[in-house]
Amino acid sequence: MLAHLLHLRGIESVILESRTRQYIEERVRAGVLEQGTVDLLVDSGVGARLQREGLVHHGIELRFNRSGHRINMYELTSGKAITIYAQHEVVKDLVAARLAAGGKLIFEAADVSVHGFDGGKPFVRFRSGGEFQELQCDYIAGCDGFHGICRPSIPAGALTAFDRVYPFGWLGILAQAPPSSKELIYAYHDRGFALLSMRTPEISRLYLQVAHHEDIENWPDDRIWAELAKRFETDDGWRLTEGPVLQKSITGMRSYVVEPMQFGKLFLAGDAAHIVPPTGAKGLNLAASDVRVLAQAFAEFYSSGSTRLLEDYSRICLRRVWKAQRFSWWMTYVLHRFDTENSFDQRRQIAELDYLTGSRAAMTSLAENYVGLPME
Ligand code: PHB
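In this text, all values refer to a predicted model and were calculated from it rather than measured experimentally. Starting afresh in each chain, residues are numbered from 1 along the sequence in its written order. Two thresholds apply to this predicted model, a pLDDT of at least 70 for residue-level local features and 80 or more for giving and counting side-chain atom pairs, whereas whole-chain, interface and lining totals are computed over all residues. With hydrogens and water set aside, each side-chain value is computed from the structure's full complement of heavy atoms.

In this section: helix α12 (residues 360-370). Listed as buried for α12 are A362, M363, L366, A367, N369 and Y370. For α12, the N-terminal cap is S359; the gap from its side-chain oxygen to the backbone nitrogen of A361 is 3.3 Å. For the purposes of this entry, the term helix denotes a DSSP run of H or I that reaches at least four residues, the term strand denotes a run of E that reaches at least two, and both are numbered from the N terminus. Phi turns positive, to about 110°, at G372, one or two residues after α12. To sort residues, take the accessible area from a 1.4 Å probe on protein chains only and compare it with the maximum for the residue type: under 20% means buried, over 50% means exposed, and anything in between is partly exposed. What qualifies as a polar contact is a pair of N or O atoms within 3.5 Å, subject to a donor-acceptor requirement within protein and to the restriction that residues adjacent in sequence count only when both atoms come from side chains.

Glancing now at the sheet that holds strand β8 (residues 110-115). We treat two strands as partners when DSSP finds at least two bridges between them. Across the sheet, 3 strands lie side by side as β8-β9-β10; this open sheet has antiparallel pairing. Both edges of this open sheet fall to β8 and β10 (131-136), since each of them pairs with a single strand only. Sheet twist, expressed as the average angle between the axes of neighbouring strands with direction ignored, equals 15°. For helices, the fitted axis covers only the stretch in contact; all axes are lines through C-alpha atoms, and the angles between them, taken along N-to-C directions, range from 0 to 180 degrees.

For the pair helix α9 (residues 283-304) and helix α10 (residues 308-335), interaxial distance at closest approach is 9 Å and the crossing angle is 165°. Our classification of the angle between α9 and α10 gives roughly antiparallel. α10 is crossed by α9, and the crossing has right-handed handedness. Contacts from N285, L286, S289, D290, V293, L294, Q296, A297, F298, E300 and F301 of α9 reach α10 at R308, L309, L310, Y313, I316, C317, R320, V321 and A324. Residues are grouped as follows: Ala, Val, Leu, Ile, Met, Phe, Trp, Tyr, Cys and Pro are nonpolar; Asp, Glu, Lys and Arg are charged; every other residue, Gly included, is polar. Of the residues in the contact of α9 with α10, the class split is 13 nonpolar, 3 polar and 4 charged. In what follows, roughly perpendicular refers to angles from 65 to 115 degrees, roughly parallel to angles under 35, roughly antiparallel to angles over 145, and oblique to any angle outside these ranges. Note: crossing handedness is left-handed where the near helix turns anticlockwise from the far helix by less than a right angle, and right-handed where it turns clockwise. Between two residues, a contact is recorded if the distance between any of their heavy atoms is within 4.5 Å.

What follows deals with the site of the ligand. The ligand sits among V32, W170, L184, Y186, L195, S197, R199, R205, Y207, P278, T279 and A281. The contact in question runs from an oxygen atom of the ligand to an N or O atom on the side chain of R199, over 2.7 Å. At 3.1 Å from an oxygen atom of the ligand is found a main-chain nitrogen or oxygen belonging to T279. Breaking the shell around the ligand down by element, the ones donating at least two residues are β14 (194-200) and β15 (203-211). In terms of residue count, β14 provides more of the shell around the ligand than any other element does, 3 residues in total. When grouped by side-chain class, the residues that make up the shell around the ligand number 8 nonpolar, 2 polar and 2 charged. We call a residue near a given molecule or strand whenever any one of its heavy atoms falls within 4 Å of it.

The next point concerns the sheet that holds strand β6 (residues 82-84). In spatial order, the strands read β2-β6-β3; together these 3 strands make up an open sheet with antiparallel pairing. Edge strands, defined here as strands with exactly one partner in the open sheet, are β2 (32-33) and β3 (55-57).

In this model, E259 is joined to P260 through a cis peptide bond whose omega is -10°. Considering the arrangement of structural elements, one finds P260 in the loop between β16 (245-259) and β17 (262-263). In this structure, S78 is a non-glycine residue whose phi angle is positive, near 50°. The class for S78 is exposed, based on a relative accessible area of 74%. A positive phi is found at A281, a non-glycine position, where the angle reads about 60°.

A few words now on the nonpolar core. Nonpolar side chains tend toward joint burial in soluble globular proteins. Judged by nonpolar contacts, the single largest core of 54 residues is most densely connected at I173, Y186, L228, L366 and Y370. In terms of residue count, the dominant contributor to this core is strand β12 (residues 160-175) (6 residues). In this structure, L228 is in contact with I173, A194, L206, Y207, L208 and L240, ignoring residues within four places of it in sequence. In terms of nonpolar packing, the next biggest core, distinct from the first, is built from 44 residues, F263, L266, A272 and A324 among them. The criterion is simple. A nonpolar core is a set of buried Ala, Val, Leu, Ile, Met, Phe, Trp, Tyr and Cys residues joined through side-chain atoms within 4.5 Å.

Now for the pattern of salt bridges. A side-chain nitrogen of Lys or Arg and a carboxyl oxygen of Asp or Glu constitute a salt bridge if their distance falls within 4 Å. Scanning the model with the defined rule gives 23 salt bridges in all. Here E61 and R63 are joined by a salt bridge, their closest N and O atoms 2.7 Å apart. Here the two residues E61 and R63 agree in accessibility, since each one is buried. A salt bridge links E227 to R231; its shortest N-O distance comes to 2.8 Å. Highlighted residues: E227 and R231, both in helix α8 (residues 221-232), separated by 4 residues, approximately one helical turn. Judged by its relative accessible area of 7%, E227 is buried. Each of R49, E53, E89, K92 and D93 takes part in salt bridges that share partners, so that together they form one network.

As structure tokens, this is what we get:
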């Protein structure tokens, strides 16, 4: 996305991707795009397929005490919505746009290391097709995810990390089954959280809260379906549509931010600088808003020589990042079982959900965060 935005402003870049094209175009990741992310893709000319194939949702359902409550986000936010469109589909569209524009995209770049960003001459070393190469540049953008090499290349002590690990994970499945609901369902249950989402009108994406470090071997498909059915069960006879499980995995849950998101001429964006638990569906969207700011800052530098916006990059991004952190943490706390022994907490959570689904003020707060706070 960053390379595409830079290209539109006449700025050259090289993308180093450690995986193959096929891998990044098929890997199942996030699926919820905020309105601002959709606008960014559409306005920059890579949103045609998204507009044709994306599923626009005007609401979500919160389910607890065996009944559902719809939050009408569209009405509460004066016409904003979310769009379901898989992250790997966004990746496909962006790869196609870069290649069509003659962009430099090097797949299977190995042994990538970043240097010289503390001074005036940053460069990147990597191996491609067995050959070592060195790339001189003005700036390096570390868009290499939470486990990437950029953040750890910054000298110890220059960054401060803020971290929270949650005592559970999500077991996610992709199923060949028409979604049982037109909109997403976030369910709070005594047995733990469950989420119904989707990718297309034929493919469901479902999640279950499971114990931290749970082994996927303990979860044969029929156990997953039985557990999902229990957590989504309602008094009005709602039915979960089942189908063949195409893929399943367990992910941990964590909140993490480093400050600042920059050191010298190395700028961190997206998961390289911060991760959120998936409950608020914010990860991909935060990455999009980071690179939007970064592209503007580079554009200002290359058109006027001013580094004013580049120097402000971290501050601008972190204000929005922390609000999304707050929201993701809050959604996680509202919807998951933390202490299964403590019935006070359970009653308090039910009261919170009851309040949340009964107060227009509370619903508006949820809705405006869920569709995405304004990008600066
Ligand atoms: C997903 O569809 O993968 C998804 C949806 C909503 C979330 C998290 C993940 O909060």
